[in-house]
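If you want the building blocks of each chain, they are given just below.
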Amino acid sequence: MSTRVDYDVVAARYGHRYLQNDYAGLRRALFTFLLSGARAHHKRVLDIGCGTGHWLRVLRDANVPAVGVDRSEQMLRIAQRSVNDAQLARARAEELPFVSVCFDRLICINALHHFSDHSAFFREARRILRPGGALLTVGLDPQRGADRWWVYDYFSETLVEDRKRYPASEEIRAGMAIAGFVRCETAEVQRFARQMSLREAVDGGFLDRTSTSQFMVISQLAYEAGVARVHSAAADAPHEKLFHVDLRLYGTTGCAA
């Protein structure tokens, strides 16, 4: 069992990832998903694991209002300030506080790996969807072995933990199907590719313990050892682009019959 990340602790910094990375591919996939099918502009949308409200704000600015749910009180406080007219609820994804058959689209972005019971979440998602509704969940798939990330290179324990936390795409599709979803499909929706020097990594806050959940699920000793490896590698070439990123996000969709 992996260490659970306390998002009340990391809430203040969580939104920085949207300043540090370009999510254009994910954004396109999200709107394609939300606006597909009948009644494209009249769907009721729920963001499960909404965090600090980034995607709620993106949707509101595009005139696609959504309800948000998260288990972290601090995350929801920031979301409320960010999207002051948002409808928010504090709850676990495995026990959603909504009546059955009440939403048309559900989105779950970079959150599934934090849920303690994926099967229970998929059952809840299916329960609250209207006929013709659909679920989109987006996240890493470290089981594929296709990614390169300096975090995994220098903090090897993070890859071990991520392979425990993140279900494989095949497992997600199977879980959806068992819960009653049909036409379950997975596609790459975002690729991050960049290189950084030590100075760029430090200045961007990428080495901060709270910058990513990967650092939060390993021990303090493992984190400090990884930081030492980073500085050792960069000692003779502080301006070289030693930090490589080639990461993919995958989106898996399933439809309510």
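Report on the accompanying structure. (Residues numbered from 1 in each chain as written. Predicted model: local features only at pLDDT ≥ 70, side-chain atom pairs only at ≥ 80, totals over all residues. Heavy atoms only, no water.)

## A closer look at the packing of aromatic side chains
- Scanning the entire structure with this criterion turns up 15 aromatic pairs.
- Here Tyr23 and Trp55 contribute two aromatic rings whose centre-to-centre distance is 6.2 Å and whose plane-to-plane angle is 80°, an arrangement assigned as edge-to-face. Note that Tyr23 is positioned in the loop between α2 (17-20) and α3 (24-34) and Trp55 in helix α4 (residues 54-61), a separation of 32 residues in sequence.
- Seen from their ring centres, Trp150 and Phe155 are 6.4 Å apart, and the 65° between their planes marks the pair as edge-to-face. The pair formed by Trp150 and Phe155 is uniform in burial state, with each residue classed as buried.
- One aromatic cluster in this structure is built from Trp150, Tyr154, Phe155, Phe215, Tyr223 and Phe243.
- Geometry around Phe103 places Arg44 over its ring, the cationic atom sitting 4.3 Å from the centre. (Phe/Tyr/Trp six-rings, centres within 6.5 Å; stacked < 30°, edge-to-face > 60°. Helix = DSSP H or I, 4+ residues; strand = E, 2+ residues; numbered from the N terminus. Buried < 20%, exposed > 50% of the residue type's maximum accessible area, 1.4 Å probe, protein only. Lys NZ or Arg CZ within 6 Å of the ring centre and 35° of its normal.)

## Considering unusual backbone geometry
- A positive phi angle, near 60°, is found at Asn63, a position not held by glycine.
- Inspection of the secondary structure assignment puts Asn63 in the loop between α4 and β2 (66-70).
- At Arg183, a residue that is not glycine, the phi angle is positive and equals roughly 50°.
- Following the sequence through the fold, Arg183 ends up in strand β7 (residues 181-196).

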